[in-house]
Amino acid sequence: MKDFILNDKKGFSVLGFIWFFVLIFLIGNTCFEEGDALFVGSNTITLTGKYLCYALLAVSLDLIWGYLGILSLGHAAFFALGGYVMGMYLMRQIGSRGVYGNPELPDFMVFLNWQELPWYWYGVGHFPIALLLILIVPATLAFIFGYFAFKSRVGGVYLSIITQSLTFALALAFYRNETGFGGNNGLTDFKDILGCSITSDITRDVLLLCTAIALTVGYILCRIIVTSRLGRVVVAIRDAEMRTRFIGYRVEYFKLAIFVFAAVLAGIAGALYVPQVGIINPGEFNPINSIELVIWVAVGGRASLYGAIIGAILVNYSKTMFTGIFPDEWLYALGLLFVLVTLFLPKGVIGLIEILKARKTSNKNKEAADVIS
């Protein structure tokens, strides 16, 4: 384990930095009262949890884009599916406390004159079953989609377009009231999770802690994959797919395994996201979300995993800061940022840091050589 950490000092330094702030925020929220200098409000806790959910989502995309070479423009679909499963569980916990007081049907179903609960809502009210579905639903979609796509040897820009079409089709389906997922409004007005009020500070603190743990475990699992023999084969597929295929590897199976695993991570991120923000709607399926996700990874730095974490937190923190000041111009700035990073910083922020460090080392060596001479 020690060697594993030493071989990835930068990645674990980023995780350590995140855990430092998470613990500081948790202490500030639980040990100090409002008005104290060290008090941390619930909004900060929620925002931090949201950023960490996005970070886990970005890590999952970096695994398939940075290491496998598959640019998925529909990866947010798996995030949304995990979120919807969690939303369904939370809706079932409302029971008779809804506006219409129906113990079986959520309010939107009563409003639309549904007579009984759809079959795909059965069992989701039990937390263990909901946890399994959070893993199974994104994995199943990824397996079905990936099996046919990779078997057909679809790749490059064609695969990117197909993934974008997938998430757009899901968005259209979930916008419809007939599908039984709340239509435009989605799922909201959650009351509690595992018997605890979803708006209480303790619940928010626990959710933030769970999100930090999920990000850490997800990062470590991805790191184990990319440093293993499987990871070396995956990189070989990215760099020379035909040559890897001719050697004898079943390339489509390797692609499928990584694609499904990344989808599961994205689903977990979505499931942790929903109770913290308090809503899930079809807007999460919109293709623009997947494109923004690509920007996060590109800004942080592809094929590094920790770069994806940095990019997700950096871009979303900037978005929070600037959307209030420049609500319309921010989207243009985000697009310009992606273009500039692609043209001048192909390795993202971490690549820039490495360049600056290399120049600093070069200048020191040059100064030392001048002193000696």
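Look a little higher up for the structure.
In this text, all values refer to a predicted model and were calculated from it rather than measured experimentally. In every chain, residue numbers begin from 1 and rise along the written sequence. Given that this is a predicted model, residues contribute local features only at a pLDDT of at least 70 and side-chain atom pairs are listed and counted only at 80 or more, while totals for whole chains, interfaces and linings are drawn from all residues. Values reported for side chains reflect all heavy atoms of the structure, with hydrogen atoms and water molecules removed beforehand.

A.B. asks: Hey, could you run me through the overall build of the protein chain in this one?
C.D. replies: Helix and strand definitions follow DSSP, with helices as H or I runs of at least four residues and strands as E runs of at least two, each counted in order from the N terminus. Within the protein chain, the regular secondary structure consists of 15 helices and four strands. Rg of the C-alpha trace for the protein chain: 22 Å, near the compact-globule value of 21 Å for 373 residues, within the 12% margin. Dimensions along the principal axes, computed over C-alpha positions, put the protein chain at roughly 85 × 60 × 45 Å. Considering only residue pairs separated by 6 or more positions, the protein chain has 77% of its internal contacts joining residues 24 or more positions apart. On the protein chain, roughly 18,800 Å² of surface is accessible, and the fraction owed to carbon and sulfur atoms is 65%. Charge assignment in this entry is limited to Lys and Arg as positive and Asp and Glu as negative, and neither His nor the chain termini are counted. Throughout, a charge is located at the NZ atom of Lys, the CZ atom of Arg, the CG atom of Asp or the CD atom of Glu. Between the centroid of the 27 positive side chains of the protein chain and the centroid of its 24 negative side chains there is a distance of 15 Å. Within these notes, the globule rule equals 2.2 Å times the number of residues to the 0.38 power, and the radius of gyration is based on C-alpha atoms. In what follows, residue pairs with any heavy atoms lying within 4.5 Å of each other are defined as contacts. Residue-level accessible areas treat just the shown protein chains as cover; the underlying method is Shrake-Rupley with a 1.4 Å probe.

A.B. asks: Explain the pattern of salt bridges to me, please; I cannot follow it from the model alone.
C.D. replies: For side chains bearing opposite charge, pairing can occur when the charged atoms are close. The term salt bridge refers to a pairing of a side-chain nitrogen on Lys or Arg with a carboxyl oxygen on Asp or Glu at a separation within 4 Å. Evaluated as defined, the whole model comprises eleven salt bridges. Across the salt bridge formed by Glu252 and Arg245, the nearest N and O atoms sit 3.2 Å from each other. Of the two residues, Glu252 and Arg245, neither departs from the other in class, the shared state being buried. Here the salt bridges share partners, and the residues they tie into one network are Glu241, Arg245, Arg250, Glu252 and Lys255. Note on classification: 1.4 Å probe, protein chains only; a residue is buried when its accessible area is under 20% of the maximum for its type, exposed when over 50%, partly exposed between these limits.

A.B. asks: Teacher, can you tell me more about the layout of surface pockets here?
C.D. replies: A water-sized probe, rolled over the atoms, reveals where empty space remains. In this structure, the largest pocket encloses a volume near 540 Å³. In this structure, the largest pocket is lined by 19 residues; those nearest its centre are Phe17, Phe21, Tyr51, Ile313 and Tyr317. By the convention adopted, Pro, Cys, Tyr, Trp, Phe, Met, Ile, Leu, Val and Ala count as nonpolar, Lys, Arg, Asp and Glu as charged, and the other residues, Gly among them, as polar. Here the residues of the lining of the largest pocket are counted per class, giving 16 nonpolar, three polar and no charged. Think of a 1 Å grid over just the protein atoms. A cavity is a set of points where a 1.4 Å probe fits yet cannot get out, a pocket is an open set with protein on both sides within 12 Å along at least five of seven lines, and lining residues have an atom within 4 Å of a point. Grid points are joined across faces, edges and corners, and a volume is the space filled by probe spheres set on the points.

A.B. asks: Even after reading the chapter, I still don't get the environment of Phe150, so can you show me in this structure?
C.D. replies: With respect to the element layout, Phe150 can be found in helix α6 (residues 127–151). With 58 residues separating them in the primary sequence, Phe150 and Arg92 have C-alpha atoms 37 Å apart. Beyond its immediate sequence surroundings of up to four residues, Phe150 is in contact with Ile70, Leu159, Glu252, Lys255, Leu256 and Phe259.

A.B. asks: Quick question: what am I supposed to make of empty space enclosed by the protein here?
C.D. replies: This structure, assessed with the given rule, holds one cavity of 30 Å³ or more. Within this model, the largest cavity holds a volume of roughly 30 Å³. As for the largest cavity, its lining consists of Ile45, Thr46, Ile198, Arg204, Leu207, Pro275 and Gln276. Broken down by secondary-structure element, the contributors of at least two residues to the lining of the largest cavity are α3 (42–67), α8 (201–227) and α11 (251–277). In terms of residue class, the lining of the largest cavity is built from four nonpolar, two polar and one charged.

A.B. asks: Honestly, the side chain of Ser290 in this entry has me stumped. Any pointers?
C.D. replies: Note on placement: Ser290 falls in helix α12 (residues 287–300). For Ser290, a relative accessible area of 0% gives the class buried. Aside from chain neighbours lying at most four places away, what touches Ser290 is Leu73, Gly74, His75 and Ala76.

A.B. asks: Would you mind going over the side chain of Asp205 with me for this structure?
C.D. replies: Turning to its location among the elements, Asp205 is positioned in helix α8. This buried residue, Asp205, is left without a salt bridge; Arg204 holds the nearest opposite charge, at 7.8 Å. Residues in contact with Asp205, not counting those within four places in the same chain, are Leu26, Asn29, Thr30 and Ile45.

A.B. asks: Sorry if this is basic, but what is going on with a nonpolar patch on the surface here?
C.D. replies: A contiguous nonpolar patch, built from Leu209, Ile213, Val217, Leu221 and Ile224 and spanning about 380 Å² of accessible area, is present on the exposed surface. Looking at the element boundaries, Ile213 is found in helix α8. Residues enter a patch when their relative accessible area is above 30% and they make no salt bridge; the linking distance is 9 Å between like charges and 5 Å between nonpolar side chains (Val, Leu, Ile, Met, Phe, Trp, Tyr).

A.B. asks: What is the right way to look at the packing of α8 against helix α9 (residues 229–239) in this model?
C.D. replies: Contact pair α8 / α9: the axes reach a minimum separation of 4 Å and the direction vectors enclose 70°. The orientation of α8 relative to α9 falls into the category roughly perpendicular. Touching Ile225, Val226 and Thr227 of α8 are Arg229, Leu230, Gly231 and Arg232, all from α9. Partitioned by chemical class, the residues of the contact of α8 with α9 number three nonpolar, two polar and two charged. Throughout, an axis means a line fitted to C-alpha atoms (over the contacting stretch in the case of helices), and angles, computed between N-to-C directions, take values from 0 to 180 degrees. The cut-offs work like this: below 35 degrees is roughly parallel, past 145 is roughly antiparallel, 65 to 115 is roughly perpendicular, and the gaps in between are oblique.

A.B. asks: What should I look at first to understand the packing of aromatic side chains in this one?
C.D. replies: Pairing of aromatic rings covers Phe, Tyr and Trp, the last counted by its six-membered ring, and requires centre-to-centre distances within 6.5 Å; plane angles under 30 degrees mean stacked, over 60 mean edge-to-face, and any other angle means tilted. Applying the stated criterion to the full structure yields 23 aromatic pairs. Note on Phe21 and Phe25: the rings are 6.0 Å apart at their centroids and 55° apart in plane angle, and the pair reads as tilted. One end of the pair is Phe21 and the other is Phe25, both in helix α2 (residues 9–30) and four residues apart, which spans about a single turn. Its relative accessible area of 34% is what places Phe21 among the partly exposed residues. Centroid distance Tyr84 to Phe285: 5.9 Å. Interplanar angle 25°. Geometry classified as stacked. A residue pair is termed long-range when its members are at least 10 positions apart, and Tyr84 in helix α4 (residues 76–94) and Phe285 in the loop between β4 (279–280) and α12 qualify at 201 residues. With a relative accessible area of 1%, Tyr84 lands in the buried category. Overall, the relative accessible area of 0% leaves Phe285 in the buried class.

A.B. asks: When you look at α3 in this model, what are you seeing that I'm missing?
C.D. replies: In an α-helix, one turn spans 3.6 residues, which is why side chains three or four residues apart end up on the same side. What a helix should span is 1.5 Å times the count of its residues minus one. Compared with an ideal rise of 1.5 Å per residue, which puts 26 residues at 38 Å, α3 spans 37 Å between its outermost C-alpha atoms and is within 8% of the ideal. The angle between axes fitted to the seven residues ending at a residue and the seven residues starting there is what we call the bend at that residue. The largest bend in α3 is about 30°, located at Leu61. Here α3 lies mainly inside the structure; 21 of its 26 residues are buried. Phi for Gly69, located one or two positions after α3, is positive at around 85°.

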